[in-house]
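# What the coordinates show
Here is what each chain is made of, one letter per residue.
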Amino acid sequence: MGLQIELSNMDALNHQINALTQSSERVLQQTLGDARRGIPGWVATEVARHYGVSKSEVAGQQLGTMRIQGDSLHTLKFLYKGRMLTHTHFKMTPAAPTGGTYTLKATIVKGQRSILGKVKKLTKKQRKNIGKNFRRQGTQASDHSPIMLMHTGNQRDGGTNFIPFQRVSPNRKDVVARKAISLPQMITGERVSPNLLNTIDEKLSKRLQHYLRRMGR
C-alpha cells in the first residue's frame, strides 16, 4: 500500500525553483533526502499518538515495513506493508495463562483499554467433561469458546509463546488466532491519515523553503 505525497504549495515553490535554475537540482535533492530520512519518523510519531504501540516499534519496522519511493517531489510516494498484528503488541495482559480465572485485555486505541475475553477457572465437572470430549471426537457443548491465551508452539528464545485464540465451532480443534490491526490499517485510518498528510506537507514545505532561502543569500 502507499500514499502519494503532494505539497499543497508546489506551484509557488516550482516558480521559485525555476528562477534559480543553477542550483535547483541541489535544492530538490536535499529536500528529497529530508523526506526519505524524516517521513518514517513522522509516521511513527503519528501512529504512536493514536495507538497503543511505541514509536520505536513503528520506526524500527517491527510492525511492518516502510520506504520512500520517487526521484522527484512530483513522484514521491510513501510505501508500507505489514501483516495483521496480534494483541501482544498492544500492551496485552496477562502475557501468559495464569492457571486460574483471568481477564484478557489490550490497548489497541490509545487511552481505550479493551477486554478481549474473560476466562474462568475450570470446575472439577468441566475438567471431567474435557476428558469425555477427547473420547467422543473432541466435540464441545458450546459453539465457541471465550478468547483465551494458547501456546503458539514457539521454540525460539525471545519469541512469542502465547497469543489469543478462540474455538469457533463445537470441534475442539477448530481454533483461530484473534488479531488486532495492521500497520497499513493504522496509517490509512481516519485517526492517523489526515493529520499525517498535513504533517508531511508542512514539514517538507518548510525544508524546501529553507533550502531556497539559503540559495538566495
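Computed from a predicted structure; not experimentally measured. (Residues numbered from 1 in each chain as written. Predicted model: local features only at pLDDT ≥ 70, side-chain atom pairs only at ≥ 80, totals over all residues. Heavy atoms only, no water.)

### Notes on the overall build of the protein chain
A tally of regular secondary structure across the protein chain gives six helices and 10 strands. Within the protein chain, contacts between residues at least 6 apart in sequence are counted, and of these 60% link residues at least 24 apart. Total accessible area computed for the protein chain in this model is approximately 12900 Å², and 49% of it derives from carbon and sulfur atoms. (Helix = DSSP H or I, 4+ residues; strand = E, 2+ residues; numbered from the N terminus. Contact = heavy atoms within 4.5 Å. Areas by Shrake-Rupley, 256 points an atom, 1.4 Å probe, with all protein chains shown as cover.)

### Quick word on the pattern of salt bridges
Throughout the structure, instances matching the rule amount to four salt bridges. Two residues, Asp34 and Arg37, come together in a salt bridge whose shortest N-O distance is 2.7 Å. Taken together, the residues span about one helical turn, with Asp34 and Arg37 both in helix H2 (residues 24–50) at a distance of three residues. Owing to a relative accessible area of 62%, Arg37 belongs among the exposed residues under this scheme. In this structure, Glu202 engages Lys206 in a salt bridge whose closest nitrogen and oxygen atoms are separated by 3.2 Å. Here Lys206 and Glu202 lie together in helix H6 (residues 193–216), a separation of four residues that amounts to about one turn. On the basis of relative accessible area, Lys206 is assigned to the exposed category, the value being 52%. (Salt bridge = Lys/Arg side-chain N within 4 Å of Asp/Glu carboxyl O. Buried < 20%, exposed > 50% of the residue type's maximum accessible area, 1.4 Å probe, protein only.)

### Some details on the packing of aromatic side chains
What describes a pair of aromatic rings is the distance from one ring centre to the other and the angle between the planes of the rings. Enumeration according to the criterion identifies one aromatic pair in this entry. Ring centres 5.2 Å apart and planes at 40 degrees place the aromatic pair Phe78 and Tyr80 in the tilted group. A residue is classified by how much of its surface remains accessible, and Phe78, at 0% relative accessible area, is buried. Residue Tyr80 is classed as buried on the basis of its relative accessible area, which comes to 3%. (Phe/Tyr/Trp six-rings, centres within 6.5 Å; stacked < 30°, edge-to-face > 60°.)

### Here we look at the sheet that holds strand E7 (residues 148–151)
Strand pairing in a sheet relies on backbone hydrogen bonds, with the paired strands running either antiparallel or parallel. Spatially, three strands are ordered E7-E8-E9 in an open sheet, and the strand pairing comes out antiparallel. In the strand order of this sheet, the two ends are held by E7 and strand E9 (175–177), each with one partner. Averaged over all pairs of adjacent strands, the angle between strand axes in this sheet comes to 55 degrees, irrespective of strand direction. Both strand E8 (residues 162–167) and E9 contribute to a ladder of three bridges, which runs antiparallel. Bridging from a neighbouring strand, Phe165 pairs with Ala177 of E9. (Pairing = 2+ DSSP bridges. Axes fitted to C-alpha atoms, helices over the stretch in contact; angles between N-to-C directions.)

### A word on the environment of Asn195
Structurally, Asn195 can be placed in helix H6. In this structure the C-alpha to C-alpha distance between Asn195 and Val43, which are 152 residues apart in sequence, comes to 10.0 Å. In this structure, Asn195 is in contact with Glu46 and Arg49, ignoring residues within four places of it in sequence.

### Observations concerning the environment of Thr93
Mapped onto the fold, Thr93 is located in the loop between strand E4 (84–86) and strand E5 (102–107). The exposure class of Thr93 is partly exposed, given its relative accessible area of 36%. Ignoring anything within four residues of it in the chain, the contact list for Thr93 reads Thr103, Leu104, Lys105 and Arg113. Polar side-chain contacts of Thr93 include one of 2.7 Å to the side chain of Arg113. (Polar contact = N/O pair within 3.5 Å; in protein donor to acceptor, adjacent residues only side chain to side chain.)

### Observations regarding unusual backbone geometry
Note that the residue after Thr93, namely Pro94, is joined by a cis bond; omega there is -10 degrees. Here Pro94 is to be found in the loop between E4 and E5. If you check the backbone angles, Gln61 has positive phi at about 60 degrees while not being a glycine. With respect to the helices and strands, the residue Gln61 is situated in the loop between helix H3 (55–59) and strand E2 (65–69). Classification of Gln61 by relative accessible area gives partly exposed; the value is 36%. The backbone phi angle of Lys91 is positive, close to 55 degrees, even though this residue is not glycine. Inspection of the secondary structure assignment puts Lys91 in the loop between E4 and E5.

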